[in-house]
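Summary of structural features
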Amino acid sequence: MAITEQNRDGRASALPRMQSARWALASLSLATLLSSLGTSIASVGLPSLMQNFGASFQSVQWVVLAYLLAITTLIVSAGRLADMFGRRPLLLGGIALFTSASVLCGLAPTLWLLIAARAVQGLGAALMMALTLAFVAETVSKDRTGSAMGLLGAMSAIGTTLGPSLGGLLIASFGWRAIFLVNVPLGVLTFALAWRALPARNKTAQVDRGTFDVMGTALLALTLAAYALAMTLGRGNFGALNISLLVAAGIGVFLFAAVQARVKNPLIQLASFRDLQLSASLVMSLIVATVMMATLVVAPFYLSRGLGLDAAMVGAVLSTGPLVSTLSALVAGRLTDRFGAHRMVIAGLLGLATGTFLLSLAMLRLGIAGYVVPITVTCIGYALFQTSNNAAVMTGVDAGQRGVVSGLLNLARNLGLITGASLMGAIFAVASAEGHLGIGLLSSEAAARGMQVTFQTATVLALVALLLALVSTRAVGRAESRVS
């Protein structure tokens, strides 16, 4: 009888914890949705901004670039600050900052004030992106980590997919300011949920109050900014400025490593990169993001010029990828929990390589099906990899390093997207001989040729990531067998 009562008490006490975890996961999901929506929704507003401010495309593109640069340069520092001072107050501060900056964006009287507000909004997004992954380990049991990561991946895909369509609807109904002001009620709801549900720091946990590495932070931010600008300025046409920025980024890497090796409390513990699993996961994440960017950069030209689809049909077909990613991420989480993260990383990369290989065939006679079927396989593989890779990394990290490692994972993904936009776009342009015809006169054969070469390159990159996963998994297995 006592045992029965004890079991009842145990089940009763577990229910509030489960309920609290669900509310916490809901707040983390909304934070993920907000940060991804902030990335995608602004792009559709660029033509309206050009018209309203009488500005050039080169000027208004900074509305997008300022946000992405702020995230890229500050995300690791955001994670480190959270490890030092607590993840809950930093995440709440990030949500509040993002929401307040959204108000400033919506009320900005000039373009440059809008760009400055977008940079502040990017800082808030960096805090949210760096800490949502880190919080999963504190709010969800280990055997449910994969499902939680899958949900966050699905919310990220929803935000990316929803942005252009929602932005277009808001601009048509209320004007360009609405695409920023729509974040305000979502931000307030996210803040309220996070305030209610996110756990405070355990009072018995050891707190890292070491000094913040200001020099390392500044060097890393400048290095990442130089690389990001080198890859985005000139829209893929490399000139003297791009090369100079790449050289500066290379010098910055060496200076950053030298500083990190000498300071007492470095921003990033360089010794952590000796962990093969962590290093391999970061490299794989960068490679996979580079590969996936090809579907965003190259596919529209293939569908419009190669298959001759109109703009509405191109948009409908392109929505297949994000939709598949959203649905697959939820299933991928359950598969990761059931079969293990390392196995699912390999399965995801196999799917990714298979999908990109099928895309590299680019047979025009198959029409839309020749794109939809391969992109479905590709996105299933991507969702499975992303979910399982994040779960594998975050479950194996010490509590005091979760913020930084979460920031590194997001940084690797962002750098991959930036690299892919430039690299894959350049490969497509060269392979399709776009420089001779002009993109407006690109023939269907040239578009197919560019598609084939681009995704042949993507397949090679996916196979490199797969080889890295196999080597890493084998090394981890040998290390565990020696310990046992």
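Keep in mind that this is a model prediction, so the values were computed, not measured. (Residues numbered from 1 in each chain as written. Predicted model: local features only at pLDDT ≥ 70, side-chain atom pairs only at ≥ 80, totals over all residues. Heavy atoms only, no water.)

**Points about the environment of Val-453**
Tracing the backbone shows Val-453 in helix H20 (residues 444-483). Expressed as a C-alpha distance, the spacing of Val-453 and Val-430, which sit 23 residues apart in the sequence, is 9.4 Å. Apart from residues no more than four positions distant in its own chain, Val-453 is found in contact with Ile-427 and Ala-431. (Helix = DSSP H or I, 4+ residues; strand = E, 2+ residues; numbered from the N terminus. Contact = heavy atoms within 4.5 Å.)

**Observations regarding the packing of helix H4 (residues 62-85) against helix H5 (residues 87-107)**
A packed helix pair is summarised by two numbers, namely the angle formed by the two axes and the spacing between the axes. Taken N-terminus to C-terminus, the directions of H4 and H5 make an angle of 150°; their axes are 8 Å apart at the nearest point. When the axis of H4 is compared with that of H5, the two are roughly antiparallel. Counted together, Tyr-67, Leu-81, Ala-82, Asp-83 and Phe-85 of H4 and Arg-87, Pro-89, Leu-90 and Phe-98 of H5 form the full contact between these two elements. When grouped by side-chain class, the residues that make up the contact of H4 with H5 number seven nonpolar, no polar and two charged. (Axes fitted to C-alpha atoms, helices over the stretch in contact; angles between N-to-C directions. Parallel < 35°, antiparallel > 145°, perpendicular 65-115°, else oblique. Nonpolar A, V, L, I, M, F, W, Y, C, P; charged D, E, K, R; others polar.)

**Looking at the nonpolar core**
Ranked by size, the top nonpolar core spans 54 residues in total, and within it Ile-75, Val-76, Leu-91, Ile-268 and Met-394 carry the most contacts. At eleven residues, helix H6 (residues 111-139) tops the list of elements feeding residues into this core. The contacts of Ile-268, once residues within four sequence positions are left out, are Val-76, Leu-220, Phe-256, Gln-260, Phe-273, Val-404 and Leu-408. Counting residues in each nonpolar core, the second largest holds 39 residues, with Leu-303, Val-317, Leu-352 and Leu-359 among its members. (Core = buried A, V, L, I, M, F, W, Y, C linked by side-chain atoms within 4.5 Å. Buried < 20%, exposed > 50% of the residue type's maximum accessible area, 1.4 Å probe, protein only.)

**Remarks on the side chain of Thr-32**
Residue placement: Thr-32 occurs in helix H1 (residues 2-40). When its relative accessible area of 10% is taken as the criterion, Thr-32 is described as buried. When near neighbours in sequence (up to four residues on either side) are disregarded, Thr-32 contacts Thr-132, Leu-152, Met-155 and Ser-156.

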